[in-house]
Amino acid sequence: MTRSADPALARWGFSTWLDGARGTGEFIKLPELDDVNDAIVSMDGKKMVNFCGIGILGWQHDPDVRTVFAETAANYGLVVGGSRIIQGVSRPHLELEALVAEITGKERALTFATGMLANIGFVNAMSARFSFNNDDGVDNTDTVLVLDRECHWSMWKAAERFKFGRNLIMFDHNDMTSLRSELERLEGRKIVVGFETVYSADGSLAPVGEILDLCEEFGAVSFVDDANGFMVYGNGGRRFAAQYEALRRVTFQMVSFGKGVGLSGGALAGPADALDAFRFLSGTTVFTTNIQPPTAGAIVHVLRRMRRDPSVMEHYLDRVDRVRERLLRIGCTINPTPTYITSILVGANDIAVRVRAEFIERGYLVPMFGYPAVPKNRAVIRLMMNNRLSDEHVDGFVDTLAELKQKYGF
Ligand SMILES: Cc1ncc(COP(=O)(O)O)c(C=O)c1O
């Protein structure tokens, strides 16, 4: 049965699926915020303590960031008004690209409207066949993409036109034996190895140096999706310093400005000629728009401040460590690697639905991750704690979690 105005749509099954999913409670009402995203948000007029946001330091609330945003909007407009290839970029984009190249230690960087578009653009560009005039073109349709199985959805989406097993190969998560055996099998082919620094769903961290050693041994190009780690680690901080030092050897680095920087947009950094070619070959610099100029200006401002004073992030990470200790004390099963992403195992889908609903009743908005972000019946509360939450908010969350854990036995 379909409730759609167009009977032809019935064959797609949306209405039937929705009826079922609403029945099990899995088709949740998505948060609709009445005001700004912050530690406290208002939903349908009700105040909620918000554990769902990903802009961990809350830079969007900083008065100077807002001033820079407004000034950049006044000077450069709200939008460039077209894609990079057609309409070009503004000064704030160029400043941002120079800064990202400097921070990552790469020759060149290119901005994209989102990190996901940077990933999609990268895969497109590395596997493109293109020439302006039928000669002297590139033909990289023989590229083989070797991805960690836990790579983000955007990488798998980007690789959809690859053929699994032929030019799209998966290695077991963070497993160097598995990666080595795939690289041995593929020896002589044109390989890109893709992995993440900090993995979104379970907060695990790649053995960066070991992966890059293997890439160098087998002559593979390396690509890291550093969406989650950019400016959280490697900025003079003590945590995971060795992995971030090793990262300087990676061929290409993708970053997102949504997490550590807390704004939005993404970038690719790498060798100059490749990045210059990506302006044409990525597709996502050609067929879509870039970051808004005021956002680019605000990111530059935030990056400069974060570089000047890494202690803000270090204090935040100390705080996350203390929350992890408390979660362990109340008996939670959490991800073993102490990154800032904390993944609390809840398990069965039906329990996850009820736990989330009970949190909401008690005034807490929590990020419950289910399938397809994690395997079915392995639901987790995936925290990227907002530093603007007070200690009382965190206490309240941990106490509620302890109570619900007892009640539902997870
Ligand atoms: C590992 C990873 N890659 C890519 C992305 C996409 O980044 P953005 O949100 O900037 O599009 C995310 C965002 O959640 C991510 O976690």
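Residues numbered from 1 in each chain as written. Predicted model: local features only at pLDDT ≥ 70, side-chain atom pairs only at ≥ 80, totals over all residues. Heavy atoms only, no water.

S.K.: I keep staring at the site of the ligand and nothing clicks. Help me out?
M.R.: The full set close to the ligand counts 15 residues, and G115, M116, S200, D225 and S256 are the nearest of them. At 3.4 Å from an oxygen atom of the ligand is found a side-chain nitrogen or oxygen belonging to N228. One of the side-chain N or O atoms of S256 is found 2.8 Å from an oxygen atom in the ligand. For the ligand, whose free accessible area comes to 390 Å², the fraction covered by protein is 81%. Listing elements by their share of the shell around the ligand, those giving two or more residues are α5 (115-126) and β10 (252-256). Across the shell around the ligand, the residue classes tally to three nonpolar, nine polar and three charged. (Near = heavy atom within 4 Å. Polar contact = N/O pair within 3.5 Å; in protein donor to acceptor, adjacent residues only side chain to side chain. Areas by Shrake-Rupley, 256 points an atom, 1.4 Å probe, with all protein chains shown as cover. Helix = DSSP H or I, 4+ residues; strand = E, 2+ residues; numbered from the N terminus. Nonpolar A, V, L, I, M, F, W, Y, C, P; charged D, E, K, R; others polar.)

S.K.: I would appreciate a short explanation of a nonpolar patch on the surface in the present structure.
M.R.: Taken together, the side chains of I85, I86, F130, F132, V138 and F280 present a nonpolar region at the surface, about 620 Å² in accessible area. You can see F130 is positioned in strand β4 (residues 129-130). What makes F130 partly exposed here is its relative accessible area of 37%. (Patch = residues over 30% accessible without salt bridge, like charges linked within 9 Å, V, L, I, M, F, W, Y side chains within 5 Å. Salt bridge = Lys/Arg side-chain N within 4 Å of Asp/Glu carboxyl O. Buried < 20%, exposed > 50% of the residue type's maximum accessible area, 1.4 Å probe, protein only.)

S.K.: Got a minute to help me understand the sheet that holds strand β11 (residues 266-270) in this structure?
M.R.: Paired through backbone hydrogen bonds, the strands of a sheet run either parallel or antiparallel to each other. The sheet built from seven strands is open, its strands ordered β3-β11-β10-β9-β8-β6-β7 with mixed pairing. A single partner strand is all that each edge strand has here, and the edge strands are β3 (108-112) and β7 (168-171). Sheet twist, expressed as the mean angle between neighbouring strand axes with direction ignored, is 20°. Sheet strands touched by helix α7 (residues 176-185): β6 (143-148), β7 and β8 (190-196). Its angle to β7, the strand with the most contacts, is close to 150°. Of the strands in this sheet, β8 and β9 (221-225) are in contact with helix α8 (residues 208-218), which crosses β8 at around 175°. (Pairing = 2+ DSSP bridges. Axes fitted to C-alpha atoms, helices over the stretch in contact; angles between N-to-C directions. Contact = heavy atoms within 4.5 Å.)

S.K.: Where do I start with the packing of aromatic side chains in this structure?
M.R.: A ring pair, where both rings are aromatic, is described by two values, the distance of the centres and the angle of the planes. Enumeration according to the criterion identifies 15 aromatic pairs in this entry. Measuring from centroid to centroid gives 5.7 Å for W17 and F27, while their planes differ by 85°, and the two rings are edge-to-face. Within this pair, whereas W17 is found in helix α1 (residues 14-24), its partner F27 is found in the loop between α1 and β1 (40-43), the two being separated by 10 residues in sequence. Classification of F27 by relative accessible area gives partly exposed; the value is 37%. Clustering of aromatic rings is evident, with ring pairs tying together F51, F359, Y364 and F397. Over the face of the ring belonging to Y371 we find K376, whose NZ or CZ atom lies 4.3 Å from the ring centre. (Phe/Tyr/Trp six-rings, centres within 6.5 Å; stacked < 30°, edge-to-face > 60°. Lys NZ or Arg CZ within 6 Å of the ring centre and 35° of its normal.)

S.K.: Sorry if this is basic, but what is going on with the sheet that holds β1 here?
M.R.: With mixed pairing, the three strands of this open sheet are ordered in space as β1-β2-β13. What marks the edges here is a single partner per strand, and that holds for β1 and β13 (364-365). Taken together, the two bridges between strand β2 (residues 46-50) and β13 define a ladder with parallel strand orientation. Paired with N50 across the strands is L365, a residue of β13.

S.K.: Would you take a moment to explain the pattern of salt bridges for this structure?
M.R.: Two side chains of opposite charge can pair, provided their charged atoms sit close to one another. Summed over all chains, the structure comprises 29 salt bridges. Put simply, K29 and E32 hold a salt bridge, and the shortest N to O gap is 3.7 Å. Here K29 falls in the exposed class, since its relative accessible area comes to 51%. Residues E358 and R362 are paired through a salt bridge, measuring 2.7 Å at the closest nitrogen-oxygen approach. Beyond isolated ion pairs, a larger network of salt bridges with shared partners links R238, R239, E314, D318 and D321.

S.K.: How should I be thinking about helix α13 (residues 349-361) in this particular structure?
M.R.: Since the α-helix advances by 3.6 residues per turn, residues separated by three or four positions end up pointing in the same direction. Between its terminal C-alpha atoms α13 stretches 19 Å, which fits the 18 Å expected from 13 residues at 1.5 Å a residue. Taken as a whole, α13 has its buried residues at I351, A352, V355, R356, E358 and F359. Buried residues along α13 cover an arc of 165° about the axis, so they all sit on one side. As for α13, its buried residues are in contact with β12 (341-347), β13, β14 (368-369), β15 (379-384) and α14 (391-408). Immediately beyond the C-terminal end of α13, within one or two residues, lies G363, with a positive phi of roughly 95°. (Expected span 1.5 Å × (residues − 1). Arc of directions from axis to C-beta.)

Read these as layout, nothing more, since geometry by itself doesn't imply function.
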